[in-house]
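# Structural characterization, general
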Amino acid sequence: MENRILGIHHITAIAGTAKRNFNFYTNVLGLRFVKKTVNFDDPETYHFYFGNETGSPGTILTFFPWEGTAPGRRGTGMATEIGYSVPAGSLDFWLTRFQERGILYNKPTERFGETYLPFLDPDGLKLELIVSKTADERAPWETADVNADVATKGFHNVTLTLESIKNTADLLTDIFSYQLVEQHVNRYRFTTDAVPNAALVDLVEVPGEKRGQVASGTIHHVAFRVKDDAAQMAFRERIAARGFNVTEPLDRNYFHSIYFREPGGVLFEIATDNPGFTVDEPLGELGTNLKLPPQYEPRRAQIESQLPVL
Ligand code: ZN
C-alpha cells in the first residue's frame, strides 16, 4: 500500500500577472492561499500555492507568475485541463458567479456520466468544475461568499493531450498501477484505486496536432503523490530501470520531488506527503507571510522590494 502512487499531488502552471492570478484563485474560485514563496531558481519572482485548509495533496495548484510573459499555446505533449470536484447542485452558483465577473466559460456539458462546467482563468488556462459521480468526502476551504455547498474540494482529474497515448498509457498502467476505466472517442480515462479522489488522469489523443508551448496560461508539470521518501525512491528505481532520465530527489521545502519527462512529452514529478505546508508557518497563518528558503533569507529585503505587490 505504501509504495503506491496516490493520485495527483499538485499541478503547476504559469501565470502572467501575480496580482491578477492571486485575485482569481482566492476571490473568484475561493481557494485558500496556502503559501507565498519565491521561485527557488529565480527568487525575484513568486511561487504561489493554492489549495484547501492545509494544502492537502490532491488540492494544490501552484503558479509561477511571470509578469509580462507571452501567452503559451495548448497542444500536444502537455497537460491541458485541470478538473476540480464540486458538490452536486453547485454549478448554477458558479455559472452566475462567472457571468457576474466576466469569466469566460462554456455551458455545462456531460462526459463519462458527469456534468462539468469548463472555464478559463485570466491567462487562458483551461479548468473545469465537475460534479463527480463518485463520492467526494473531502472538506473544502470556505470563504465569505463560497461556502461548503458549492466550494471546490480538490482535483477531480487532469487531462494530458498527446500525439499518441500508447507509451504514456503503458507508463501509467505498468509503473503507476493505473487502469483504463472509460473511453469516449479520443479521450481515455485512467484511474487508481489507491485513493478515493484526485485519482483520474485523462489522455486525449490528437495525432497531427501542434506541440504545445509552455508559457503563461499553460501547465508546466503534473506531480503525482507518494507517501514518503522511501516510496519515492522505489519509484525512482523503477522509472530509471525503464530508461527514463529521472532527477535525484530535490528538496522543495514543502515536499521532496523527483522529475522526469514521460514519453508523450509531459513533465512529470513524484512528490512526497512530507513535510507539508506547516513546516515553516502555523496552519492559521498559511499564505500570510512571504516564506523564503534559508539560502535567500539574507537577501529578504532586496527580494521583497522586487516582488509585485498583491
Ligand atoms: Zn511541482
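Heads up: the structure comes first, above all this text.
Residues numbered from 1 in each chain as written. Predicted model: local features only at pLDDT ≥ 70, side-chain atom pairs only at ≥ 80, totals over all residues. Heavy atoms only, no water.

As a further point, take the nonpolar core. The biggest cluster of nonpolar side chains holds 72 residues, and the ones touching the most others in it are Y25 and F176. Among residues more than four places away in sequence, those in contact with F176 are I5, L171, F224, F235, I239, F260, F268 and I270. Of all hydrophobic cores here, the second largest spans nine residues; its members include A223, F255, F277 and L286. (Core = buried A, V, L, I, M, F, W, Y, C linked by side-chain atoms within 4.5 Å. Buried < 20%, exposed > 50% of the residue type's maximum accessible area, 1.4 Å probe, protein only. Contact = heavy atoms within 4.5 Å.)

Moving on, we come to the coordination of the zinc ion. Distances from the zinc ion to its protein donors, namely H10 (NE2), H221 (NE2) and E269 (OE), fall within the range 2.0 Å. Of note, the zinc ion draws all its donor residues from one chain, in the sequence arrangement H-x210-H-x47-E. With H221 in strand β13 (residues 219-226) and E269 in strand β16 (residues 267-275), this residue pair connects regions lying 48 residues apart in the sequence. Accessibility classification places H221 together with E269 in one group, the buried group. (Donors = N, O, S within 2.8 Å, 3.2 Å for Na, K, Ca; no water. Helix = DSSP H or I, 4+ residues; strand = E, 2+ residues; numbered from the N terminus.)

Turning our attention to unusual backbone geometry. Backbone torsion omega between N274 and P275 reads -5°, so that peptide bond is classified as cis. At V185, a residue that is not glycine, the phi angle is positive and equals roughly 50°. The exposure class assigned to V185 is exposed, which follows from its relative accessible area of 61%.

In this section: helix α2 (residues 91-101). Restricting attention to buried positions, one finds in α2 the residues L91, W94, L95, R97 and F98. Seen along its axis, α2 keeps its buried residues to an arc of 165°; they face one direction. For α2, the exposed residues lying more than 90 degrees away from the buried face are D92 and E100. Here the buried face of α2 lies against α1 (18-28), β7 (114-120) and β8 (126-130). Of the residues trailing α2, G102 is marked for its positive phi of about 70°. (Arc of directions from axis to C-beta.)

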